Amino acid sequence: MRKSQKNRNIKKKKSTLKITLISLITLVVVTLLGGVFYSFYLSSKLDKVDLKNTEIGITNESTQQLSKYDGYDQIMNIALFGIDAGDNELGRSDSIMVLTVDPVHNKLKLSSIMRDSYVNIPGHGMDKLNHAFAFGNSVLALQTLNDNFNINVNNFVSTNFSNLPKIIDKLEGVTINITAEEVPLINNYAASLGSSKSISGTGPQLLSGDLALAYTRIRYTAGGDYERTLRQRTVLSAVFDKVKSTPVTEMPSLLNDFLPFVQTSFSSSELLKLGTTVSKMSSSKIIEDRFPRDDSSQGKTIDGIYYLTFDAEATKSQMQQFIYEN
């Protein structure tokens, strides 16, 4: 592979995680604003997509199946799509997470869903989960999640533009626990991005935007891509905690950095209502998990292409329990 092509691949890879982080940061910033921001202001900034339950795989039958969980109808699931695409293109959602706002158990939960998961994409057959967005944007991506896992994801935040280092620097960095194995990998990746910053210590380290991005891209350690999703969730949680502690007076400035580059299914009034719910859960930490789990999945090459195959019923049950139980 020629050097120029490698550089293009690196740029595409580094953008994906930044996209998802900004999606979550944007949602957190907006929801924590509560009544401080007027609905009119939010409406003027939002790129809103209207969704119908029948279009995204939420039916009376699928909802009835979740009624065994107490308070299931009070729990909200929000898909966070990190889209790898250029301007005016549909791209693959190479970073897929579900943020669960659970006021029933006073918990915020974050699920990573492996992008190579071998799922049925309506109208397209069995394929990688991350292809659903490319085939049919947010509507098909949500339908694919709901059809395969029945978790009632009815809202989303996505973007194909990112500026994570600037955002984290504006938050004055995030603190991450770094291992000795990770130090040289972070420094090497940061250098490849043209950053002059580096770290030398282990344990809790205050990372700048460039270094936080480098940390999330580490994959050549024990656990490979599985550990990379854990690092993504670690940074998301750190950013969430930092945003929660940001003075309300600084929120508008943060919001102006994010909103113009985000697409969402939320209206301004829905965001403000969600803000009230989240504000009551301000002491909660984000609980994390990743699906499919190791004991229910295995990598498999089909027609020369790698997929992550998994036990569909076991994974569906595990995801529902994580999302809807305490």
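Predicted model only: the values in this text are computed from it and were never measured.

Describing the pairing of strand β5 (residues 118-121)
In β5, alternate side chains face the same way, and those of V119 and I121 are buried while those of Y118 and N120 on the opposite face are not. The pairing of β5 with strand β6 (residues 125-128) spans four bridges and is classified as antiparallel. Residue pairing for β6: I121 is matched across the bridge by G125.

Notes on the pattern of salt bridges
Under the criterion given, the structure shown has seven salt bridges. Residues R290 and D294 are paired through a salt bridge, measuring 3.0 Å at the closest nitrogen-oxygen approach. Classification of R290 as buried rests on a relative accessible area of 12%. One salt bridge connects K316 with E313, and the closest N-O pair in it is separated by 3.9 Å. In this pair, K316 and E313 both sit in helix α11 (residues 312-324), three residues apart, roughly one turn of the helix. What makes E313 exposed here is its relative accessible area of 55%.

Concerning the packing of helix α6 (residues 182-192) against helix α7 (residues 209-217)
Between two packed helices, the angle of one axis relative to the other and the distance separating the axes together describe the packing. Where α6 meets α7, the axes come as close as 8 Å, and the angle between the chain directions of the two elements is 115°. When you trace α6 past α7, the crossing you get is right-handed. For the pair α6 and α7, contact is made by E182, I186, Y189 and A190 and by L211, A214, Y215 and R217, respectively. Broken down by class, the residue content of the contact of α6 with α7 amounts to six nonpolar, no polar and two charged.

What to know about the packing of aromatic side chains
One pass over the full model with this rule turns up six aromatic pairs. For the pair Y69 and Y324, a centre-to-centre distance of 5.6 Å together with 20° between the ring planes defines the contact as stacked. In this pair, Y69 is assigned in the loop between α3 (60-65) and β2 (76-84) and Y324 in helix α11, connecting sequence segments 255 residues apart. On the basis of relative accessibility, which here comes to 3%, the residue Y324 falls in the buried class. By the ring-pair criterion, three or more aromatic residues cluster together here, those being F81, F133 and F156.

What to know about the layout of surface pockets
The volume enclosed by the largest pocket comes to roughly 530 Å³. Lining the largest pocket are 26 residues, and of these D73, I75, M76, N154 and N155 lie nearest its centre. Among the elements of the structure, β2 and α10 (268-279) are those that each provide at least two residues to the lining of the largest pocket. When residues of the lining of the largest pocket are assigned to their parent elements, the largest contribution, four residues, is made by α10. Grouping the constituent residues of the lining of the largest pocket by class yields 13 nonpolar, nine polar and four charged.

Rules and cut-offs
- Residues numbered from 1 in each chain as written.
- Predicted model: local features only at pLDDT ≥ 70, side-chain atom pairs only at ≥ 80, totals over all residues.
- Heavy atoms only, no water.
- Buried < 20%, exposed > 50% of the residue type's maximum accessible area, 1.4 Å probe, protein only.
- Helix = DSSP H or I, 4+ residues; strand = E, 2+ residues; numbered from the N terminus.
- Pairing = 2+ DSSP bridges.
- Salt bridge = Lys/Arg side-chain N within 4 Å of Asp/Glu carboxyl O.
- Axes fitted to C-alpha atoms, helices over the stretch in contact; angles between N-to-C directions.
- Left-handed = near helix turned anticlockwise from the far one by under 90°.
- Contact = heavy atoms within 4.5 Å.
- Nonpolar A, V, L, I, M, F, W, Y, C, P; charged D, E, K, R; others polar.
- Phe/Tyr/Trp six-rings, centres within 6.5 Å; stacked < 30°, edge-to-face > 60°.
- 1 Å grid on protein atoms, 1.4 Å probe; cavity = no way out; pocket = protein on both sides within 12 Å on 5 of 7 lines; lining within 4 Å.
- Points joined across faces, edges and corners; volume = space filled by probe spheres on them.

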